[in-house]
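What follows is the residue order along each chain.
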Amino acid sequence: MIRLNNVVASYKTERGTVNAVDGVNLEIPDGCILGIAGESGCGKSTLMKVIYGDIGFPLSLASGSVDYGFTDDQGNKVTSKNIQKQWFKRISYVPQSSMSSLNPVIRIRKQFLDFESSSKTKAQTLQEVKSYVKKLGLPEESIESFPHQLSGGMRQRIMIAMATFFQPEIILADEPTTALDVVVQKSILLLLMELQEQMGNTIILVSHDMGVHYQATHKMLIMYAAKAVEYADSPDLFTRPLHPYTRMLINSLPTIGDDRAREGIPGRPPSLWNKLEGCRFADRCPLATERCRTEEPAFIEHRPGHFAACHYADSQANLSEVV
Amino acid sequence: MATILKTENLNKVYRLGSLTRSKHIQALNNVNLNIESDVPVIISVVGESGSGKTTLAKTLLRLVEPSSGKVTVYDQLVAGKGVHPPKTQFLATVQPIFQNPFEAFSRYRTVDSYLYETATRVAGLSKTDAIASMENALTSVGLEYKDVQGKYSNQFSGGELQRVSIARALIPHPSLIVADEPVSMIDASRRMIIINLFLKLKEDFKRSFLYITHDLATAYYISDYIAVMNKGVVVEFGNAKEVMSNPQHSYTRLLLDSIPTTKQKWARTKPIITANLTA
């Protein structure tokens, strides 16, 4: 189980520090696909960086800690301080843009061998890489090519192959399909889902497309303006969301065969530079009252396993099913 | 009845490689579309990457010269071999909106200077009229001139800047606006604001749109007509609701099956991974 204890991550800038993730408490069970959704700038990528342990200037972990629930070879507990030693072996990362993550002037074969193990020869590792790549439905020859010779979907599959080669316990995927079209997106997501089923590891998937989350995830975390606002099992969250923001996110998507008018969410999130009081979603919320503007709602368990930060999570307007 | 958009045997071949070893890519293969209507319409072109939809848009915008064939927009010949419509007249007929508004506007110029130049040079307005038309255009996209004046592109969110670029396109009162993936860079929760704006501009200002996208759900939501492209060929064309509810071509069905909806999970019949990984 990955446990986030009151994580506050801040960026140092010329204007001062700003908290991009502001007090997130979370328990992520092992062997599930967790989806993180929210608007641009809500802190979802920063949270991923914190979980990956990629904390360096200007980002810093102002307070809180991440507990990964496993120990390293010496038997020490792994936290965000020493997770870096476990990169690729026990935690790995699938970035959004595969073109800028792969070295354009080195063959993919060589980039795979970058993390060769000391106990095996190059030829052995290469043979393993080849058979692994083949299992993921890619032609063996693809590792002989340069990144630009492959299509976007193939490059992303190579990235996934690299990230999963050592079968790590945790895989972080930050918008892995945003740059791809729908047909390729589906194949990439199905690949990730199948990998997770076979390896039984934890995948954390960031996307702002709620459709992607519905298809792939077991659990969902919704973030808004650096705060976690809702956390639940996906089927529950999609049918009976407790936070008005989640409901608006789901309802903002048009569906084929459904001719009802759809609205985007008007307004924009508050600037994190301002002093924020009360519920951060209050200005855009249809249910907001005076209480929401002054008193910050706590992130509490309203139904078993279903957390939300809203004063009116149990109100009538919030209990109807999503249509 | 006016011919809103008509392409006749439109072909575009790109040549890749050197003089001796070249490869030909047929980006557009005999594209024949004909849309006639008295009321403004929204035409969607959908397809995956490399299907030729952006080449079609660029041909209409005269950014790419077709290898053969011609294009008519609102009874005016705009593209084809030897076709040279007067530039200002052409720009007052067809206007573009591009995918990434941060690339469309330079970081070193204020965004209102783009609007001003479109008003004075393309629409040919005097200085005072130009300001008035900028104000009108910005109001129609839900922004105010004073919020835009003197600002640079990095001071806007993606959605706002895209609305500014729509306002810019509206200034010369074009008959057709070509929007190439206008919402793919915008946050999912705010896409519908832009999409609904297109609908409103169609109703209130009588503008027609050519909406290029790979997002079939939004295409279904706003389009009157839809053209499905694959490898440079229009495989299916017709009334949007009819095509989407009763797709005839297998490629259209493939596209429809790939949409991640929040209503029904994908059927998972054939596994991608062939062998047991952990073994």
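That block above? That's the structure.
About the criteria used
- Residues numbered from 1 in each chain as written.
- Chains lettered and ligands numbered in written order.
- Predicted model: local features only at pLDDT ≥ 70, side-chain atom pairs only at ≥ 80, totals over all residues.
- Helix = DSSP H or I, 4+ residues; strand = E, 2+ residues; numbered from the N terminus.
- Rg over C-alpha atoms; globule rule 2.2 N^0.38 Å.
- Buried ≥ 20, exposed ≤ 12 C-beta atoms within 10 Å, placed from the backbone.
- Contact = placed C-beta atoms within 7 Å.
- Core = buried A, V, L, I, M, F, W, Y, C linked by C-beta atoms within 7 Å.
- Pairing = 2+ DSSP bridges.
- Axes fitted to C-alpha atoms, helices over the stretch in contact; angles between N-to-C directions.
- Nonpolar A, V, L, I, M, F, W, Y, C, P; charged D, E, K, R; others polar.

## Some thoughts on the overall build of chain B
Along the backbone of chain B there are 11 helices and 10 strands. Since a compact globule built from 279 residues should have a radius of gyration of about 19 Å, the 20 Å found for chain B is in line with a globular shape. For chain B, the C-alpha atoms occupy an extent of roughly 70 × 45 × 45 Å along the three principal directions. The proportion of buried residues among the 279 residues of chain B is 43%.

## Here we look at the overall build of chain A
Counting secondary structure elements, chain A contains 11 helices and 12 strands. Against the 2.2 N^0.38 benchmark of 20 Å for 323 residues, chain A shows a C-alpha radius of gyration of 21 Å, consistent with a compact globule. Summarising its shape, the C-alpha atoms of chain A cover approximately 70 × 50 × 40 Å along the three principal directions. Going through the 323 residues of chain A one by one, you find that 43% of them count as buried. Taking all contacts inside chain A whose residues are at least 6 apart in sequence as the whole, residues at least 24 apart take part in 62%.

## Digging into the nonpolar core
Formed by 163 residues in total, the largest nonpolar core has its most connected members in A:L192, B:L60 and B:L210. Examining the composition of this core, we find that eight residues originate from one element, helix 6 (residues 182-199) of chain A, more than from any other. Those residues within four positions of A:L192 in sequence are excluded, and the remaining contacts are A:I160, A:A173, A:I203 and A:A216.

## What about helix 9 (residues 244-251) of chain A?
For helix 9 of chain A, the buried fraction is high: six of the eight residues fall into the buried class. Those residues of helix 9 of chain A that fall on the buried side of the exposure criterion are A:P244, A:Y245, A:T246, A:R247, A:L249 and A:I250.

## With respect to the sheet that holds strand 2 (residues 16-28) of chain A
Residues and elements named next belong to chain A. An order of 2-1-4-5 is seen for the four strands of this open sheet, with the pairing classed as antiparallel. Across the chains shown, the open sheet's two edge strands, defined by having one partner strand only, are strand 2 and strand 5 (77-79). Here the average twist between neighbouring strands, direction ignored, is 25 degrees. With 10 bridges joining them, strand 1 (residues 2-13) and strand 2 adopt antiparallel strand pairing. Directly across from S10, in strand 2, lies its bridge partner N19.

## Quick word on the interface of chain B and chain A
One frequent convention defines the size of an interface as the accessible area lost when the parts assemble. At the interface, 37 residues of chain B touch 39 residues of chain A. Among the secondary structure elements, those contributing two or more residues to the side of chain B that touches chain A are helix 8 (188-205), helix 9 (216-222), helix 10 (240-245) and helix 11 (250-258) of chain B. It is helix 8 of chain B that contributes the most residues to the side of chain B that touches chain A, six residues altogether. Among the residues forming the side of chain B that touches chain A, the class breakdown is 19 nonpolar, 11 polar and seven charged.

## Concerning the pairing of strand 9 (residues 225-230) of chain B
All names here are of chain B. Where burial is concerned, most of strand 9 is hidden: six out of the six residues are buried. The alternating pattern of strand 9 places Y225, A227 and M229 on one face and I226, V228 and N230 on the opposite face, and all of these are buried. With six bridges joining them, strand 9 and strand 10 (residues 233-239) adopt antiparallel strand pairing. Across the sheet, I226 pairs through a bridge with G238, a residue of strand 10. In textbook terms, the turn of a hairpin is the stretch between consecutive antiparallel strands, and for strand 9 and strand 10 this stretch comprises two residues, one of which, K231, has a positive phi near 50 degrees.

## Some points on the environment of A:Q86
All names here are of chain A. On the secondary structure map, Q86 appears in the loop between strand 5 and strand 6 (91-94). Taking the C-beta count within 10 Å as the criterion, Q86 has 19 such neighbours and is therefore assigned partly exposed. In this structure, the C-alpha to C-alpha distance between Q86 and D67, residues 19 residues apart in sequence, is 14 Å. Non-local contacts of Q86, meaning those with residues more than four positions away in its chain, are made with D72, V78 and I91.

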